[in-house]
Amino acid sequence: MQHNNQNTNAFLIHISAFAGYLFPLGSIITPLILWQTLKERSPFLDEHGKEAVNFNISYSLYIFILGLSFIPFFFGSIFNGFNGIDIDFGGHHGHRGLFSFFGFASVVSIVALIKVALIIIAAMKANKGEMYHYPLTIKFIK
């Protein structure tokens, strides 16, 4: 029975990342709190907690960098919207800035869907008692 509790707790650590959709930084804070409270119970929970926290910090960093890369597209589409002002941001003319915006939104949507899928995969593996390592995760906590 103790093994089932560990699997369930590891499952909850991973699933708790969805708290980020409820409040800012929830995807980092909630797994961090659960990991800190459960890590002394077993090495299994400690490893899953580290993995979940590292993944969510890495993902937040990637989204932040992706957001910063959007700034030139945003200002480029604003400045290209002015008639009579000849400013060229990377060769975008007319309403191509709108397409750049939708292209950026598509990339963000794909990254968000990948995050959801990876969290669900990790949670299901944890519930089975298996270890899961998220791809492209920076090991902030070792």
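Structure shown above.
What comes next is a walk through the structure. (Residues numbered from 1 in each chain as written. Predicted model: local features only at pLDDT ≥ 70, side-chain atom pairs only at ≥ 80, totals over all residues. Heavy atoms only, no water.)

## Here's the deal with the overall build of the chain
Consideration 1: Tallying secondary structure elements over the chain gives four helices and zero strands in all.
Consideration 2: Ordering the α and β elements of the chain from the N terminus gives α-α-α-α.
Consideration 3: Counting across all 142 residues of the chain, residues that qualify as buried make up 34%.
Consideration 4: Summarising the internal contacts of the chain: among those between residues at least 6 apart in sequence, 71% fall at separations of at least 24.
Consideration 5: As presented, the chain carries roughly 8,700 Å² of accessible surface, and 70% of it is formed by carbon and sulfur atoms. (Helix = DSSP H or I, 4+ residues; strand = E, 2+ residues; numbered from the N terminus. Buried < 20%, exposed > 50% of the residue type's maximum accessible area, 1.4 Å probe, protein only. Contact = heavy atoms within 4.5 Å. Areas by Shrake-Rupley, 256 points an atom, 1.4 Å probe, with all protein chains shown as cover.)

## Details of the nonpolar core
Consideration 1: Residues Ala17, Phe55, Tyr59, Leu118, Ile119, Ala122, Tyr132 and Tyr134 constitute the largest nonpolar core, which totals eight residues.
Consideration 2: Looking at this core, the elements that each hand over two or more residues are α3 (43–80) and α4 (96–127).
Consideration 3: Looking at which element gives the most residues to this core, the answer is α4, with three residues.
Consideration 4: If we skip the residues at most four places from it in the chain, Ala122 touches His14, Tyr132 and Tyr134.
Consideration 5: Listed in part, the seven residues of the second largest apolar core include Ile13, Leu38, Leu45 and Ala52. (Core = buried A, V, L, I, M, F, W, Y, C linked by side-chain atoms within 4.5 Å.)

## Things to note about the packing of aromatic side chains
Consideration 1: A full pass over the atoms with the stated rule returns four aromatic pairs.
Consideration 2: Judged by centre distance (6.2 Å) and plane angle (25 degrees), the ring pair of Phe18 and Tyr21 falls under stacked.
Consideration 3: Owing to a relative accessible area of 23%, Phe18 belongs among the partly exposed residues under this scheme.
Consideration 4: Aromatic pair Phe55 and Tyr134: ring centres 4.0 Å apart, planes at 10 degrees, arrangement stacked. (Phe/Tyr/Trp six-rings, centres within 6.5 Å; stacked < 30°, edge-to-face > 60°.)

## Let's talk about helix α2 (residues 26–38)
Consideration 1: Taking 1.5 Å as the rise per residue, α2 with 13 residues should run 18 Å; its terminal C-alpha atoms sit 18 Å apart, in good agreement.
Consideration 2: Those residues of α2 lying buried are Gly26, Ser27, Ile28, Thr30, Pro31, Trp35 and Leu38. (Expected span 1.5 Å × (residues − 1).)

## Quick word on the environment of Ile57
Consideration 1: With respect to the element layout, Ile57 can be found in helix α3.
Consideration 2: Spatially, the C-alpha atoms of Ile57 and Phe140 are 8.1 Å apart, while their sequence positions differ by 83 residues.
Consideration 3: Every residue in contact with Ile57, bar those within four places of it in the chain, is listed here: Ile28 and Phe140.

## Side note on the side chain of Asn9
Consideration 1: Following the sequence through the fold, Asn9 ends up in helix α1 (residues 2–15).
Consideration 2: Not counting the four nearest positions on each side in its chain, Asn9 is found in contact with Leu38, Arg41 and Leu45.

## Let's talk about the pattern of salt bridges
Consideration 1: As enumerated under the stated definition, the model contains four salt bridges in all.
Consideration 2: For Glu51, the salt bridge goes to Lys139, with nearest N and O atoms at 2.8 Å. Taken together, the residues Glu51 in helix α3 and Lys139 in the segment after α4 connect sequence positions 88 residues apart.
Consideration 3: Judged by its relative accessible area of 3%, Glu51 falls in the buried class.
Consideration 4: Residue class for Lys139 comes out partly exposed when judged on its relative accessible area of 39%.
Consideration 5: Among the salt bridges present, the one from Lys125 reaches Glu130, with a minimum N-O distance of 3.4 Å. (Salt bridge = Lys/Arg side-chain N within 4 Å of Asp/Glu carboxyl O.)

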